[in-house]
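Below are the chains, spelled out letter by letter.
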Amino acid sequence: MIAVDLRHERGEFRLTAAFASKARILALHGPSGAGKSTLAHLIAGLLKPTQGRIAAGGATLADTSCGLFMPPEKRRIGLVFQDALLFPHLSVRKNLAFGRFFTPSSERRVPFEAVVETLGIGHLLDRRPATLSGGEKQRAGLARALLCSPRLLVMDEPMAALDFARRQEIMGLIERLRDEFAIPILVVSHSADEIMRLADEVIVLDRGRVLAQGLPAETLAIAGRSMEGGRFSIVSAITARGAFDARYGVTKLAHPAGEIVIAAKIGAGDQQVRVLVKATDIALAKTRPTDTSVRTILAATIAALDLDAGPLAFVTLELLGGERIMSAVTRLAIDELGLAVGSPVFALVKSVALDERGM
Amino acid sequence: MLHLSPQEITAIGLSLKVACVATLASLPLAVFVAYALARWRFPGHGALNAAVHLPLVAPPVVTGFALLLLFGRHGPIGAFLAENLGLVFAFRWTGAALAAAIMSFPLMIRPIRLSFESVDPRLALAARSLGANPLWTFVLVTLPLSAQGLIVGTILGFAKALGEFGATITFVSNIPGETQTVPSAIYSLIQTPDGDAAALRLTLIAAVIAVAALAVSEVLQRRALNGGASG
């Protein structure tokens, strides 16, 4: 669906990227200044690559070797911006009609009513963008990009300006767009949990080059070790079934490695749920602690240890039942506890650190 | 009091004609130059900016003299236009319009350029990604979002064109019925014994026209603002 092999130079900044992906939702991840937005703009045609080739949705969009540069208006790449960028002088309805007007009728595959219905913006059509809330603007922005029947939707930090609840809502909508309209999506995100929830594949950029590409959990873990501050974007998923305890307002998930307590109601009934846990939220203990406030204590063995001369150690834990999660601790702790590959340990996760949404 | 002589009526009519033609003819060029100065970086950017603003800072008589040299009957541009297009500026009302247009150009450009600069350039990028080519993007996004500056620039230009005196009288003189606009007529009346009352009449009329132009611009601006809030 997308293939990129290019070099882009602008002043001091230099971006080199080569990758191909067939993912339905591909994420671009990395710290600020890594080149994520630049790459998104190159794909959309808002920037010209110094050298190289870009192809998406079966069409070559740019190829410097034969002097091809398709202008953005010919590419049919739907762009969604962080702040939606609706046209302030037009009503929401006219904003939505804008891209559609320029799409040749033979290419109009996305029906207006279906988009308005899916994104729940029917009641906003006659409003002005200035009167919409952040979440409403972003839904209208998604609709506008979608209605030009793009070969690819490119979303540049679409949720960065939204609060937690709105982000959940927009993520749900992006999943529905993927399923209902079958348009591949490239999403630029610096948030590990957005990527874990949405993406089939992730490309990690750092200082203008591709650091890693692959399945989200593994790739974020690999990239997290070599990137400054990357440990905060290492996230693992645990799958389990659970029941709500109304007395304390918590959900208790039964997992072979131990009970997982979540400070919210998630899932319905006995539904299987996926819980995300950050590597920085997991502590390790050699024996099962009995006098701690931590409610989630999981039995595991150390499957791999990744450490160098630096202060950090990245521990891959194999939970009873076979699932693997990552923990980030200090090298000092590993040495003082005498931990090694094969050591049995208990992984301690604070309940309140666990994300409460059902995935 | 408002008992106008035929010469005064002619001067008022001529002034309005000269100001309207000067404003309407230079507006498209002003929009283009303002856009170029606001959005494009090119060699000669500073030189163009300086050239456009020159009539604002140079003494009007200098601009008028330069026009006379260039667009006079024997001037390089004047001779060429007269021969090939039959367009004569020297000592004609068209010359008055040209002088007015050049003198009001910097005043027109400024608000238009400022409003182009205040439009988020990423809105244009959004329009491009939605399939609009650069011209459509300009017409559907950048121009409507700059409506306020366009209105202010047009009215300022019109008012300046209406009042232009120095460059006009230097370039096309002060010929009643051909190049004698209201300011030139007032000037002539002041030079005439007993002309003070007539000069005062014309001065009041000039003030009324200027205030009316201002009122029109207020109404248009308000309409543009309301358009931006509801329809």
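This one's a predicted model, so the numbers in the text were calculated from it and none came from an experiment. (Residues numbered from 1 in each chain as written. Chains lettered and ligands numbered in written order. Predicted model: local features only at pLDDT ≥ 70, side-chain atom pairs only at ≥ 80, totals over all residues. Heavy atoms only, no water.)

With respect to the environment of Ile-170 of chain A
All names here are of chain A.
Consideration 1: Structurally, the position occupied by Ile-170 is in helix H6 (residues 164-181).
Consideration 2: Between the C-alpha atoms of Ile-170 and Gln-138, which are 32 residues apart in sequence, the distance is 8.0 Å.
Consideration 3: Ignoring sequence-local partners within four residues, the contact set of Ile-170 consists of Gly-135, Gln-138, Arg-139, Leu-142, Met-159 and Leu-162. (Helix = DSSP H or I, 4+ residues; strand = E, 2+ residues; numbered from the N terminus. Contact = heavy atoms within 4.5 Å.)

As for the domain arrangement of chain A
The extent of an interface is frequently quoted as the accessible surface area lost upon association of the parts.
Residues and elements named next belong to chain A.
Consideration 1: By the assigned domains, chain A splits into domain 1 (2-232) and domain 2 (235-353).
Consideration 2: On a C-alpha basis, the centroid separation for the pair domain 1 and domain 2 is 33 Å.
Consideration 3: Listed by partner, the interface residues are nine residues for domain 1 and twelve residues for domain 2.
Consideration 4: Carbon and sulfur atoms supply 68% of the area that domain 1 and domain 2 bury against each other, a total of about 950 Å² over both sides.
Consideration 5: Contact with domain 2 buries area across many residues of domain 1, yet Met-196, Arg-225 and Arg-231 alone supply 63% of it, more than any other trio.
Consideration 6: For the pair domain 1 and domain 2, the number of links is zero salt bridges.
Consideration 7: Connecting domain 1 to domain 2 are zero residue pairs in polar contact (both at pLDDT 80 or more).
Consideration 8: Those elements that provide at least two residues to the side of domain 1 that touches domain 2 are helix H7 (192-198) and helix H8 (216-226).
Consideration 9: Ranked by residue count, the leading element in the side of domain 1 that touches domain 2 is H8, at four residues.
Consideration 10: Residues belonging to the side of domain 1 that touches domain 2 are distributed by class as follows: five nonpolar, one polar and three charged. (Domains from an automatic or database assignment. Buried area = accessible area lost by both parts, 1.4 Å probe. Salt bridge = Lys/Arg side-chain N within 4 Å of Asp/Glu carboxyl O. Polar contact = N/O pair within 3.5 Å; in protein donor to acceptor, adjacent residues only side chain to side chain. Nonpolar A, V, L, I, M, F, W, Y, C, P; charged D, E, K, R; others polar.)

Here we look at the sheet that holds strand S16 (residues 282-285) of chain A
Residue and element names in this part refer to chain A.
Consideration 1: Within the open sheet, the five strands sit side by side as S16-S20-S17-S18-S19. Their pairing is antiparallel. The sheet terminates laterally at S16 and strand S19 (324-330), the two strands that pair on one side only. Here the average twist between neighbouring strands, direction ignored, is 45°.
Consideration 2: Taken together, the seven bridges between strand S17 (residues 296-307) and strand S18 (residues 312-319) define a ladder with antiparallel strand orientation. What sits directly across from Thr-301, in S18, is Glu-318. (Pairing = 2+ DSSP bridges. Axes fitted to C-alpha atoms, helices over the stretch in contact; angles between N-to-C directions.)

Observations concerning the nonpolar core
Consideration 1: Counting 48 residues, the largest nonpolar core has Leu-96, Val-115, Leu-119, Leu-146, Leu-153, Met-155 and Ile-174 of chain A as the members making the most contacts within it.
Consideration 2: Ignoring any residue separated from it by four or fewer positions in sequence, one finds Met-155 of chain A in contact with Val-80, Leu-142, Ile-174, Ile-185, Leu-186, Val-187 and Val-188 of chain A. (Core = buried A, V, L, I, M, F, W, Y, C linked by side-chain atoms within 4.5 Å. Buried < 20%, exposed > 50% of the residue type's maximum accessible area, 1.4 Å probe, protein only.)

Concerning the sheet that holds strand S14 (residues 258-262) of chain A
Residue and element names in this part refer to chain A.
Consideration 1: In spatial order, the strands read S14-S13-S12-S15; together these four strands make up an open sheet with antiparallel pairing. For this open sheet the edge positions go to S14 and strand S15 (272-278), each flanked by a neighbour on one side alone. Across the sheet, the mean angle from the axis of one strand to that of its neighbour is 45°, orientation sign disregarded.
Consideration 2: Note that strand S12 (residues 235-245) and S15 share seven bridges and pair antiparallel.

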